[in-house]
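Here is what each chain is made of, one letter per residue.
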Amino acid sequence: MKSRSFRYIRPASLAHAYQVLADANGDAVPIAGGQSLLAGLNMRLSAPKLLVDIGDLRELMHHSHVGDVVRLGALTRHGDLLRSELVRKHLPLLTQAAPHIGHIAIRNRGTLGGSLAYADPAAELPACAVALGATLVLGSCAGEREVKAEDFFKGLFETDLRPGELIVAVKFPVVENGTAAGFAELSRRHGDFAMVGLAAIVDMQRDRIDGARLVYFGCVDRAKVAHAVSAAVVGLRPPLAMSAALESAISQDLAPDDTPDMRADTKVHLAKVLTRRVLGGLAARAAA
Amino acid sequence: MSTTDLSGHEDIEVDATLNGKPLRRRVKARQHLADFLRQELELTGTHLGCEHGICGACTVLIDGRTARGCLTLAAQISGKSVETIEGLTENGMLADLQKEFIERNAAQCGFCSSGMLLTAHELLLSGETLSRADIREAMSGNMCRCTGYHAIIDAVEAVMTTRGRR
């Protein structure tokens, strides 16, 4: 459980970090909180030649709320999501999701940008970013570009990040009045990886679902909108009950494979259970 | 203008605060903080169980918050303040927790105890009144393979109550 040798550098500025990454020609890996990366290095799942410690770069820590966009720096720690009033008020989905990320010591170190860049299919934040319609700000020597979260996740641990690029910040559209957030996750133990999870943003104007973005995680290869399910819940009114059409939409969107730890039909069953719980929670809040 | 370093090094100069005292050392880039504490500084109160962030035996405080010693590089602590079970025992911050752990036999083999104590320390610093379920959840990142969990939760709850009365 010891990593291979590597070189380490702590750039003095974001511009310096971009230079280091460009110079390394793809042999460098950025480290921020390191809560997934270092576990992987200790288990020798990867062996980068150079770690670029971006964990203290002020440029990646800024938070802002301008117009209808909340921008969170890539170094926002999971614990910050839990404690932030800005997040609680405008992005309650993240406040609901954060307690499920690892344990307190992990949340003290792990970062928003790190979780998105790692793109673990069982992670909470990629699913939340897609559900919220977030936009990622990516930076490199070539300048900055923006990519929508739903286009960013390409597959299992695979993203749109190019060599030499970093996640600088994430822009979230502010959740409007009448829009409700729901989150639920099933794991073997609290803090463990999700077997199945669900992040949902639901537009509940006039006591009826007008629009929805549901994103499952843990049972799919990457964070993506479950389009059939999101369409199937439109028009529902409290108590937002499950129906045969909704259940078949879940099977259609997920279409999981059997894996050594869980059969495909179990995953679909658990996804139905979570969907019922999340919709039930939203209905209860609508009635309150 | 000096040439900007672009390639990094395998030996890194660390300049940090450890248990309230300044610390300057050269470390191997690949060495994690728990190994550094144990092997280079002989601070063996920080234990190593799984070395991939699951068990919590290597818990230390970085700038006052718990962190996994195995998921932090020694090189990453530059400019930061690190506290270990040794420092917090010497300065008495854990005295009431340690006394309660002993009285309730919450430390059986003792392997998880330093991690448990530091996690409990951070949890109780807020001064909030927590339910037993809150305490269980907060302590869930630390494993006790003697499975002495009830005694540990009892001890943390008792200290919370005593501190609340003061």
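Reading the values: rules and limits
- Residues numbered from 1 in each chain as written.
- Chains lettered and ligands numbered in written order.
- Predicted model: local features only at pLDDT ≥ 70, side-chain atom pairs only at ≥ 80, totals over all residues.
- Helix = DSSP H or I, 4+ residues; strand = E, 2+ residues; numbered from the N terminus.
- Rg over C-alpha atoms; globule rule 2.2 N^0.38 Å.
- Buried ≥ 20, exposed ≤ 12 C-beta atoms within 10 Å, placed from the backbone.
- Contact = placed C-beta atoms within 7 Å.
- Domains from an automatic or database assignment.
- Arc of directions from axis to C-beta.

Caption draft 1: Broad picture of the overall build of chain A. Along the backbone of chain A there are 12 helices and 13 strands. Relative to the globule expectation of 19 Å for 288 residues, the C-alpha radius of gyration of chain A, 19 Å, shows essentially globular dimensions. With respect to the principal axes defined by its C-alpha atoms, chain A has extents near 55 × 45 × 30 Å. Residues counted as buried form 52% of the 288 residues belonging to chain A. Contacts in chain A between residues far apart in sequence, at least 24 positions, make up 62% of those at least 6 positions apart.

Caption draft 2: Up close: the domain arrangement of chain B. Residue and element names in this part refer to chain B. Taken domain by domain, chain B holds domain 1 (11-88) and domain 2 (94-165). Between the C-alpha centres of domain 1 and domain 2 the distance comes to 22 Å. Looking at the side of domain 1 that touches domain 2, the elements with two or more residues in it are strand E3 (59-62), strand E4 (65-68) and helix H2 (85-90). In terms of residues, the side of domain 1 that touches domain 2 owes the most to one element, E3, which gives three residues.

Caption draft 3: Spotlight on helix H3 (residues 95-103) of chain B. All names here are of chain B. Along H3, the positions that sit buried rather than exposed are Leu97, Gln98, Glu100 and Phe101. Seen end-on, H3 carries its buried residues on one side only, within an arc spanning 165°. For H3, exposure combined with an orientation more than 90 degrees from the buried face picks out Ala95, Ile102 and Glu103. Contact partners of the buried residues in H3: helix H4 (113-125) and helix H6 (149-165).

Caption draft 4: Seen up close, the environment of serine 140 of chain B. Topologically, serine 140 of chain B is positioned in the loop between helix H5 (132-138) and H6. In this structure the C-alpha to C-alpha distance between serine 140 of chain B and histidine 121 of chain B, which are 19 residues apart in sequence, comes to 14 Å. Look past the residues within four positions of serine 140 of chain B in its chain and what remains in contact with it is His103, His190 and Gly191 of chain A.

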